[in-house]
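Each chain is listed here by its residues.
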Amino acid sequence: MRIKSLLSLLLCLLMLPAAILAEGLDPLPMDNLSYGPAPKDENYLSDNEYQDESISVKIYEGRYADTDYVYAHVKIVHPSQLRTIPSSIYAGTNQRSKNYSFKNTSTTRGRFVASLSNAVIAINGDYYTKPECTVVFRMSTQYRNQADGLRDLLIIDKNGDFSTLAAPKKADYAAYYEANKDNMYQVFCFGPLLVENGVSIIPEDYQNRYIGAQNLAQRTALCQLGPLEYMLVTSYGNQTKGNKGLTIPEFAQVCEIAGKALKPEGGCRIAFNLDGGNSTTMVFKRLDQKAGKMRYVKVNCPDIERFLSDIIYFATLVK
């Protein structure tokens, strides 16, 4: 009986969030638009890697269907490190607004927003200010439900786990919200669901004119590999020399390939397509050799930079 009790205690300890077990690390608020501590420059181990006690990020590159892509492997110790913030935080160079919110429609460069929110790494969100973004739920708060049955939704719960709703209508999403609102953390409206349980679910002839499924374009995906383990994927488009751009079926294959490269035994549990085209953005901090200082830079398609309404980013807990 004593052995059984000890095993039960050990199991309970293993199920505790890692941030509780790590001394000196406190979770971030999951119900407001605050941001984490500034990542320390010395923890950027190279132009492609960051690591401290609470988060690790490593960026890789690949090529598929005559198109370059960039993907990042992210591990965190607490779900509060996966965050979103609107571009209205930007009030000018190195200046944060005091009144930023997801009710504001301002836009700016993703690297400016990443810098002001102390992101370790960031990607573009789903451009929530556009009317096509019919559901907006950020940082535990619902802002909009105009679900029209045309786009999939990605739901992230307060454990940091992903699930999806296939093109819900307003009543469908409202019913889901009422049943799950206490555990909902983020909702993104775009889609489609690209990969499930390691395998692309998109056929080659997939059509969806609302997201330009057969267009040759830049693409962005947010993916979950496992508990508190994620992958960010961005691809180049045909505006950049030497790149064809990807259709949605091709991009789904990229996410499957990249997921299995990082996690051969399972790949992506879920890979979800976000706003693409010139909105496609991945931001990371790198050393500017000329200036001799660390700067946030756009690491994919650096010659193309659309203003964004919001970013999805990962924060450190190390103060």
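Because the structure is a prediction, the values reported are computed rather than measured. (Residues numbered from 1 in each chain as written. Predicted model: local features only at pLDDT ≥ 70, side-chain atom pairs only at ≥ 80, totals over all residues. Heavy atoms only, no water.)

On to unusual backbone geometry. For the peptide bond that leads from G191 to P192, omega is 10 degrees, which places it in the cis range. By secondary structure assignment, the location of P192 is in the loop between strand 11 (184-190) and strand 12 (193-196). One non-glycine residue, N118, adopts positive backbone phi at about 60 degrees. Within the fold, N118 resides in the loop between helix 3 (110-116) and strand 6 (121-124). We classify N118 as buried; its relative accessible area is 11%. For Y127, which is not a glycine, the phi torsion comes out positive at approximately 55 degrees. Topologically, Y127 is positioned in the loop between strand 6 and strand 7 (135-138). (Helix = DSSP H or I, 4+ residues; strand = E, 2+ residues; numbered from the N terminus. Buried < 20%, exposed > 50% of the residue type's maximum accessible area, 1.4 Å probe, protein only.)

With respect to the helices and strands, C255 occurs in helix 5 (residues 248-262). If sequence neighbours within four positions are ignored, C255 has contacts with L194, V195, A221, M231, V233, C268 and A271. (Contact = heavy atoms within 4.5 Å.)

What follows concerns the confidence of the model for the protein. Mean pLDDT over the protein stands at 92; residues scoring 70 or higher make up 93%. Across residues 1-21, confidence stays below pLDDT 50; counting only partners more than four residues off in sequence or on other chains, it has eight contacts. (pLDDT = per-residue confidence, 0-100.)

Moving on, we come to the sheet that holds strand 18 (residues 293-298). In spatial order, the strands read 5-19-6-17-18; together these five strands make up an open sheet with antiparallel pairing. Each edge of the sheet is formed by a strand with only one pairing partner; in this case those strands are strand 5 (82-86) and strand 18. If you compare each strand with its neighbour and ignore which way they point, the axes differ by 30 degrees on average. When strand 5 meets strand 19 (residues 310-314), the two strands line up antiparallel, connected through five bridges. (Pairing = 2+ DSSP bridges. Axes fitted to C-alpha atoms, helices over the stretch in contact; angles between N-to-C directions.)

Tallied over the full model, the rule gives zero disulfides. With no disulfide partner, C133 has as its closest neighbouring cysteine sulfur the one in C189, 4.7 Å distant. Take C133: its relative accessible area is 2%, and that puts it in the buried class. Note on C223: no disulfide assigned, nearest cysteine sulfur contributed by C268 at a separation of 4.2 Å. Judged by relative accessible area, C223 falls into the buried class, the value being 0%. (Disulfide = S-S within 2.5 Å.)

This brings us to the sheet that holds strand 2 (residues 49-51). Spatially, nine strands are ordered 1-2-3-4-15-14-16-12-13 in an open sheet, and the strand pairing comes out antiparallel. What marks the edges here is a single partner per strand, and that holds for strand 1 (44-46) and strand 13 (199-200). Pairing between strand 14 (residues 219-226) and strand 16 (residues 270-273): four bridges, direction antiparallel. By the bridge assignment for strand 16, Q224 is matched with I270. Of the strands in this sheet, strand 3 (55-64), strand 4 (67-76), strand 12, strand 13, strand 14, strand 15 (229-235) and strand 16 touch helix 5, which is tilted by about 140 degrees from strand 15.

Quick look at the pattern of salt bridges now. Scanning the model with the defined rule gives 14 salt bridges in all. For the salt bridge of R111 with E305, the shortest nitrogen-to-oxygen distance reads 2.7 Å. Linking R111 in helix 3 with E305 in the loop between strand 18 and strand 19, this pair joins segments that are 194 residues apart in sequence. Accessibility expressed as a relative area gives 25% for R111, which makes it partly exposed. Taking the shortest distance from any N to any O, the salt bridge between E256 and K260 comes out at 3.3 Å. One end of the pair is E256 and the other is K260, both in helix 5 and four residues apart, which spans about a single turn. Each of the salt bridges in this network shares a partner with another, and the network as a whole consists of R109, R111 and E305. (Salt bridge = Lys/Arg side-chain N within 4 Å of Asp/Glu carboxyl O.)

This model, assessed by the stated rule, comprises 11 aromatic pairs. With 5.1 Å between their ring centres and 65 degrees between their planes, Y44 and F284 make a pair best called edge-to-face. Separated by 240 residues along the polypeptide, Y44 in strand 1 and F284 in strand 17 (residues 282-288) bring together distant segments of the chain. Take Y44: its relative accessible area is 7%, and that puts it in the buried class. Relative to F112, the ring of Y90 lies with its centre 5.1 Å away and its plane at 20 degrees, an arrangement referred to as stacked. Here F112 lies in helix 3 and Y90 lies in the loop between strand 5 and helix 3, a separation of 22 residues in the sequence. Residue F112 is classed as partly exposed on the basis of its relative accessible area, which comes to 25%. (Phe/Tyr/Trp six-rings, centres within 6.5 Å; stacked < 30°, edge-to-face > 60°.)

What follows deals with the side chain of S117. Looking at the secondary structure, you find S117 in the loop between helix 3 and strand 6. Overall, S117 belongs to the buried group, its relative accessible area being 0%. Residue contacts for S117: discarding those within four places in its chain leaves Y35, G36, I85, I89, I311 and Y313.

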